[in-house]
Each structure stands twice: as structure tokens, then as C-alpha cells.
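Each chain, letter by letter, is given below.
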Amino acid sequence: MHVRRKLVAGNWKMNGSLHQLTELGAIAAAARAASGVDVAICPPFTLIASAVARGGGIPIGGQDCHHQSSGAFTGNVSATMLKEAGAKLVIVGHSERRAEQQESDAIVRAKAQAALAAGLQTIVCIGESEEERMGGHAITRCSAQLAGSIPELSGDAELVVAYEPIWAIGTGRTATCDDVREIHGLVRKVLVDRFGDAGGRIRILYGGSVRGDNAAELFAVDNVDGALVGGASLNAEQFVPIIEAAA
Ligand code: PEP
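Just so it is clear, the model here is predicted, and its values are computed rather than measured.

A.B. asks: Teacher, can you tell me more about the site of the ligand here?
C.D. replies: Contacts to the ligand come from 13 residues, most closely from Ile 169, Gly 170, Gly 207, Gly 230 and Gly 231. A class-by-class count of the residues in the shell around the ligand yields 5 nonpolar, 7 polar and 1 charged.

Structure, rendered in C-alpha cells:
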């Protein structure tokens, strides 16, 4: 039986400004008070260096990286560049990128592999669409994404998996605890089958309209090792209760 610390990671998406970094002070204080919880914030690329400087020690991450370390890839940022900017982690395969940038499982896997190689804690996102869930295909879809997107474990950097049902992201609708239990159980089984004991140590986050008022019941579900939080991570008032619920 593995004891896994909870991880509460915020994804600011394309939101935030230098002024908004003032929120990090209260978030860092809550993180220090919740000593058994890991907390991280992933702001837009342009804010990473400033967030590292002003974040009170909270690990700061990117929301994506390219799978190559450098080259003619206009507009992209590599894992090694994130690392140099002070990032400690990166999210890859978020459903918004899978949809808007047409990122395939193979691309997500390559990005994750590059991120781990650069020494970044790497959060790989999976999750089904509403159509897939309504059609009874959530397990098939998540299984395929796990098979295609999860990289080999390499080096010391930590792999994390985030289950984010697309229909729950930014909608105010949260998956039921039974549905979360089922998919997180599936993720755990796939990880243990593939990585053995190490698969039992990999943290699995839930994401999709997590708030202060629903976090505690989600965190009580088997194999829920924390949350990936979008909207509610943008300010301390909404994010701190989620950190406290994980403590
Ligand atoms: C996300 O985008 O990863 C997310 C979970 O968003 P929200 O918390 O706003 O649903």
C-alpha cells in the first residue's frame, strides 16, 4: 500500500497578469500550512519567471512544451527552456490542446518523454468527451489515451496522470464520485500493469470544476491523489479551500 501525498495544481490557462501574481502570496501561505499537500501553479509562459521570483516557493510550471529541445518551431517552448525559466513541472495533453492544436496521443507521449528527460514533473492529461461518456465509451477512450500518451518512466522526474472529463472542464459540472472511482481505478491498474510497484506510486489527479465545496468528497475517493484546477486556481480565495480540503 503506497502513501501518496496529495498534489493540488492550478492551471491558469491563458489568464493572469503580473498583477495577478499577488495571489501567490496567500496561496504559498496556505501551502505552507497544509504541510502534507504539494501545491503548484502553472501560469502562462510569460509569467513563469516572475512567478518563480514572487511565488513564495510554490513550484511553478508550464502548460505545455514542445517535444524537441530546440529548432524551427515558431511559437513553441521546449521542456529545457521551461526548466531554464525556473519551472519545476509541466502539463501536457490538456484536452484544450488536444482539441485546438490537434495533439495526438503520440505527440502527447513525446512531449511527456521530453519533459521527464528535462527533469520536469510531468502531468499527462486524459479524459473522455461528453459524447463518449453518454455512449458508454469512457473506459475505452481513457484506456486508449493511457496506452498512447503515457511515456516510459525515465530519470528522477515524477510522472503524474490527470483524469479530466472534458464535459466537466469549466462547466461547473463535476463527475460523480462513482465515475471518478471507476476511471481512477482503471488508471491505477494500467499504471501498475505497466510499471509494477512504481505504478502504485504515480499520483492520479482529478480535474473538472473542482471547487472548495466539492474537493473534500473527491479527495476521499480511492486513487484520487489531488486535483488539477482551472478556474478556481486563479485567485487565492477560491484556491485555498481546495488546498485545505486536501490536507
Ligand atoms: C482544467 O482546465 O484543467 C480544469 C480542470 O478546469 P476547471 O477547474 O475550470 O474545470
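We are not done yet, so read on.
A.B. asks: Where do I start with the sheet that holds strand S5 (residues 121-126) in this structure?
C.D. replies: By definition, the strands of a sheet pair up through backbone hydrogen bonds, in either a parallel or an antiparallel sense. Overall, parallel pairing links the 8 strands, which are arranged S2-S1-S8-S7-S6-S5-S4-S3 in an open sheet. With partners counted over all chains shown, the strands left at the sheet margins are strand S2 (37-42) and strand S3 (61-62), one partner each. Sheet topology places strand S7 (residues 203-207) next to strand S8 (residues 226-229); 2 bridges connect them, and they run parallel. Looking at the pairing, Gly 207 lines up with Leu 228 of S8.

A.B. asks: Honestly, the packing of helix H5 (residues 105-117) against helix H7 (residues 138-149) in this entry has me stumped. Any pointers?
C.D. replies: Two numbers describe how H5 lies on H7: the axes approach to 7 Å, and their chain directions differ by 45°. With respect to each other, H5 and H7 are oriented oblique. In this structure, the crossing between H5 and H7 has a hand that is right-handed. Across the interface between the two elements, Asp 105, Ala 106, Val 108, Arg 109 and Ala 112 of H5 pack against Gln 145, Gly 148 and Ser 149 of H7. Its residues placed into classes, the contact of H5 with H7 shows 3 nonpolar, 3 polar and 2 charged.

A.B. asks: Looking at this structure, I do not really get the pairing of strand S1 (residues 6-11). What am I missing?
C.D. replies: A regular strand places its side chains on the two faces of the sheet in alternate fashion. The buried count for S1 comes to 6 of 6 residues, which makes it a mostly enclosed element. Residues of S1 alternate between two faces, with Lys 6, Val 8 and Gly 10 on one and Leu 7, Ala 9 and Asn 11 on the opposite face, all of them buried. With 6 bridges connecting them, S1 and S2 associate as parallel partners. Among the inter-strand pairings, Lys 6 is bridged to a residue of S2, identified as Val 37. Once the chain exits S1 it traverses helix H1 (residues 23-33) before rejoining the sheet at S2, and the crossover so formed is right-handed. With 4 bridges connecting them, S1 and S8 associate as parallel partners.

A.B. asks: It is not clear to me how the UniProt feature "binding site: substrate" (unreviewed entry) in the protein should be interpreted in this structure. Could you clarify?
C.D. replies: Summarizing the sequence annotation, UniProt attributes the feature "binding site: substrate" (unreviewed entry) to Asn 11, Trp 12, Lys 13, Gly 170, Ser 209, Gly 230 and Gly 231 in the numbering used throughout. In summary, the annotated positions, though distributed over 221 residues, converge in three dimensions, the widest C-alpha pair being only 14.0 Å. Assignment of secondary structure puts Asn 11 in strand S1. Ignoring any residue separated from it by four or fewer positions in sequence, one finds Asn 11 in contact with Cys 42, Gln 63, Ile 91, Leu 228, Val 229, Gly 230 and Ser 233. Beyond its immediate stretch of four places on either side in the chain, Lys 13 contacts Gln 63 and Gly 230.

A.B. asks: Help me understand the UniProt feature "active site" (unreviewed entry) in the protein in this model?
C.D. replies: As annotated in UniProt, the feature "active site" (unreviewed entry) corresponds to His 94 and Glu 164 in the numbering used here. The annotated residues occupy 71 residues of the chain but converge on a single region, no pair of C-alpha atoms lying more than 8.4 Å apart. Dropping the residues within four chain positions of it, His 94 is found in contact with Gln 63 and Cys 125. Along the polypeptide, Glu 164 turns up in the loop between strand S6 (159-163) and helix H8 (177-195).

A.B. asks: Looking at this structure, I do not really get the environment of Arg 133. What am I missing?
C.D. replies: If you trace the backbone, Arg 133 turns up in helix H6 (residues 130-134). The residues contacting Arg 133, other than those within four sequence positions of it, are Glu 128, Ala 138, Pro 165 and Trp 167.

A.B. asks: Help me understand unusual backbone geometry in this model?
C.D. replies: The phi torsion of most residues other than glycine is negative, and most of the peptide bonds are trans. For Lys 13, which is not glycine, the phi torsion reads 50° and is therefore positive. Since 19 C-beta atoms lie within 10 Å of it, Lys 13 is described here as partly exposed. Phi at Asn 223 is positive, roughly 65°, even though this residue is not glycine. Position of Asn 223 relative to the elements: it lies in the loop between helix H10 (215-219) and S8. You can call Asn 223 buried: it has 20 C-beta atoms within 10 Å.

The rules behind the values
- Residues numbered from 1 in each chain as written.
- Predicted model: local features only at pLDDT ≥ 70, side-chain atom pairs only at ≥ 80, totals over all residues.
- Near = placed C-beta within 6 Å.
- Nonpolar A, V, L, I, M, F, W, Y, C, P; charged D, E, K, R; others polar.
- Pairing = 2+ DSSP bridges.
- Helix = DSSP H or I, 4+ residues; strand = E, 2+ residues; numbered from the N terminus.
- Axes fitted to C-alpha atoms, helices over the stretch in contact; angles between N-to-C directions.
- Parallel < 35°, antiparallel > 145°, perpendicular 65-115°, else oblique.
- Left-handed = near helix turned anticlockwise from the far one by under 90°.
- Contact = placed C-beta atoms within 7 Å.
- Buried ≥ 20, exposed ≤ 12 C-beta atoms within 10 Å, placed from the backbone.
- Right-handed = clockwise from strand over helix to strand, strands pointing away.
- UniProt positions renumbered as here; feature names shortened; annotations may be inferred.

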